[in-house]
Amino acid sequence: RTSVTSRYEMVYRGTTAQEEAALAAATAREADAALHPLQKPSMGSLTMYVVPETSSLLPQGTVVYVGRHRSALLRAGGSLAALQARLRQVTQLMSFTAASVAAALSDRAPDGRLSPDARRSLKSSLGYEITFSLLNPDPKSHAVDWDIEGAVNRFVKPVLDKLSLVANFSVDSQILYYAVLGVTPRYDKESSSFLLSTHSLPHVINPVEARLGSSAASLYPVLNFLLYVPERSHSPLYIQDKDGAPVSTNAFHSPRWGGIMVYNIEAPASPQTSLPLHVDVDMARVMEVFLAQLRLLFGLSREEVPAEFLLERPGNEGLADWELDHLLWAHTVENIATVSTTLTSLAQLLDKIGNIVIKDDVASEVYRAVASVQSAVAKLGMGHLHSAFQASKEAVTSSERAFFDPSLLHLLYFPDDQKFAIYIPLFLPMAVPILLSLAKIVRETRQRKKEPTKMD
């Protein structure tokens, strides 16, 4: 029932001498790297440079280059109206669109109104816990060694450092022995390998999740990334897609849960090789898959773009600056909707229980949540993305504190009908003889008044 309107403010200017020198680079990637120190755009803003149509900066056939930061290069061509339409197209690609709004509010939309892909990304949270698990179901045959600490510092930490603006992250790892998938793969004679079909993948997660034990005591959503080394009797193991072709990464992900990658080990050349076979995991290949799954979980999958658009890879940081803005926009809108839902539920609860006691600290948290969410909406409307996101986080924290305050536990307060049901069985047995005695006293008093008094 709520409409979200996106509004763009465009300002045109000429390039400076330093920007002209940066645009004289040999490639678009070098120009983007040289332009980045010259820019001081705030979060949520973009800088687009229009280069001449004859410029060799962009590759042949490329009209738009989107870099790692909050900037893009456009080749001039055609009329001014065509250029303006292209600028609007690039702006929508790099910023918040109606589809992004729908995905952020997917949990509040009726079923059937949105596509299944809109519900794939994680819900906004103040923190996330990431767990890397190595599953070795056959430790007698495979002694698997993985440098998870070095891989996290090298590949995961740069991504989480950039995502630290969005939420707090904690990372842990574990090795589980004798942990099987719970699904028996099918043997294929032609390829002499074992296959996991698409319809059997949902049955893999539940047996494995029962062994993880990471989400039981967690306050925040847990992202599970599992590296599964097949047992010797089911090796090599490959995952098939819907068409029956093998998946290139040999991995799959589950929305809002995590991902699983199957890591096959080459069979020893000699059958007389002593067991267990020592295996060193190629962490670069594994982390490349896990980081791609992490992007999918946060809704950062690259959208389909025209053929003449060139999007630079995010590199070691895992996501571009404009993608981080995209994430902050989505989480800000979702936080505002969450606060609205929480406060509405709290108001309905207080209306139902008439004798509930609301303490001053609970009332102050409600007032603080309302003020913060109003501030977030105002700052979001002005384009102040970072301050709007911070205000929305404060609103979520205050609303959750008010809603889950122990003094508002509804079991502490009874409706009137429940009070009668509880106290009548206790007081009725005592009240009957008392009432009968009072009635007898009243009758005797009335009889005395009616009797004539004797006069001597």
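Reading the values: the criteria
Residues numbered from 1 in each chain as written. Predicted model: local features only at pLDDT ≥ 70, side-chain atom pairs only at ≥ 80, totals over all residues. Heavy atoms only, no water. Axes fitted to C-alpha atoms, helices over the stretch in contact; angles between N-to-C directions. Helix = DSSP H or I, 4+ residues; strand = E, 2+ residues; numbered from the N terminus. Parallel < 35°, antiparallel > 145°, perpendicular 65-115°, else oblique. Left-handed = near helix turned anticlockwise from the far one by under 90°. Contact = heavy atoms within 4.5 Å. Salt bridge = Lys/Arg side-chain N within 4 Å of Asp/Glu carboxyl O. Buried < 20%, exposed > 50% of the residue type's maximum accessible area, 1.4 Å probe, protein only. UniProt positions renumbered as here; feature names shortened; annotations may be inferred. Pairing = 2+ DSSP bridges. Polar contact = N/O pair within 3.5 Å; in protein donor to acceptor, adjacent residues only side chain to side chain. Phe/Tyr/Trp six-rings, centres within 6.5 Å; stacked < 30°, edge-to-face > 60°. Core = buried A, V, L, I, M, F, W, Y, C linked by side-chain atoms within 4.5 Å. Nonpolar A, V, L, I, M, F, W, Y, C, P; charged D, E, K, R; others polar.

The next subject is the packing of helix α8 (residues 321–352) against helix α9 (residues 360–382). Contact geometry of α8 with α9 gives a least axis separation of 11 Å together with a crossing angle of 150 degrees. By the angle between their axes, α8 is roughly antiparallel relative to α9. Between α8 and α9 lies a crossing whose hand is left-handed. On α9, the residues that touch Trp329, Thr332, Val333, Ile336, Val339, Leu343 and Leu346 of α8 are Val366, Ala369, Val370, Val373, Ala376, Val377 and Leu380.

Here the focus is the pattern of salt bridges. Two side chains of opposite charge can pair, provided their charged atoms sit close to one another. Per the stated rule, a full pass over the model turns up 8 salt bridges. A salt bridge links Asp321 to Lys162, with the nearest nitrogen and oxygen atoms 2.6 Å apart. With a gap of 159 residues between them, Asp321 in helix α8 and Lys162 in helix α5 (residues 148–163) connect regions that are remote in the sequence. One exposure class covers both Asp321 and Lys162, and it is buried. Note that Glu365 is salt-bridged to Arg368, the shortest N-O span being 3.0 Å. Of this pair, Glu365 and Arg368 both sit in helix α9, 3 residues apart, which is roughly one turn of the helix.

For the rest of this paragraph, the subject is the UniProt feature "transmembrane region" (unreviewed entry) in the protein chain. Taking the UniProt record as the reference, the feature "transmembrane region" (unreviewed entry) is found at residues 420–442. Strand forms 0% of residues 420–442 and helix 100%; the C-alpha atoms that close the span are 28 Å apart.

What follows covers the sheet that holds strand β11 (residues 251–254). The mixed open sheet is built from 5 strands, whose spatial order is β6-β4-β9-β12-β11. Of all strands in the sheet, those with a lone pairing partner are β6 (168–177) and β11, marking the two edges. Mean inter-strand twist for the sheet, computed between neighbouring axes without regard to direction, equals 15 degrees. With 5 bridges joining them, strand β9 (residues 222–228) and strand β12 (residues 258–262) adopt parallel strand pairing. Residue Tyr228 lies in a different strand from β12, and its bridge partner there is Val262. Against the sheet, α5 engages β4 (127–136) and β6, with an angle of about 155 degrees to β6. The strands touched by helix α7 (residues 283–297) within the sheet are β4, β9, β11 and β12, with β9 carrying the most contacts at an inclination of about 150 degrees.

Below, the discussion takes up the pairing of β9. Among the 7 residues that make up β9, 7 are buried, leaving the element largely enclosed by the rest of the structure. Burial along β9 is two-sided: Val222, Asn224, Leu226 and Tyr228 facing one way and Leu223, Phe225 and Leu227 facing the other are all buried. Both β4 and β9 contribute to a ladder of 7 bridges, which runs parallel. Each bridged residue has a counterpart across the sheet, and for Thr131 the counterpart in β9 is Asn224.

Summarising the element assignment, Thr131 is placed in strand β4. Look at Thr131 and you get buried, because its relative accessible area is 2%. Polar side-chain contacts of Thr131 include one of 2.8 Å to the side chain of Asp172.

Bringing the packing of aromatic side chains into the picture now. Scanning the entire structure with this criterion turns up 9 aromatic pairs. Ring centres of Phe132 and Phe225 lie 5.6 Å apart, and the angle between their planes is 25 degrees; on these two criteria the pair is classed as stacked. Taken together, the residues span a long stretch of sequence, with Phe132 in strand β4 and Phe225 in strand β9 at a distance of 93 residues. Here the two residues Phe132 and Phe225 agree in accessibility, since each one is buried. Relative to Phe404, the ring of Phe403 has its centre 5.1 Å away and its plane inclined at 80 degrees; by these criteria the two rings are edge-to-face. Through successive ring pairs, a cluster of aromatic residues spans Tyr128, Phe169 and Phe298.

Another point: the nonpolar core. With 51 residues, the main nonpolar core has Phe132, Leu163, Leu227, Met287 and Phe298 as its most contacted residues. Leu176, Leu212, Ile239 and Trp257 belong to the second largest nonpolar core, which has 20 residues in total.

Turning to the packing of α9 against helix α10 (residues 385–403), a few remarks are in order. The geometry of α9 relative to α10 is characterised by a closest axis approach of 8 Å and an angle of 160 degrees between their N-to-C directions. Classified by the interaxial angle, the pair formed by α9 and α10 is roughly antiparallel. Crossing hand, α9 versus α10: left-handed. Facing α9, whose interface residues are Val362, Glu365, Val366, Arg368, Ala369, Ser372, Val373, Ser375, Ala376, Lys379 and Leu380, α10 presents Leu385, Ser387, Ala388, Ala391, Ser392, Glu394, Ala395, Ser398, Ser399, Arg401 and Ala402. Split into classes, the residues belonging to the contact of α9 with α10 amount to 11 nonpolar, 6 polar and 5 charged.

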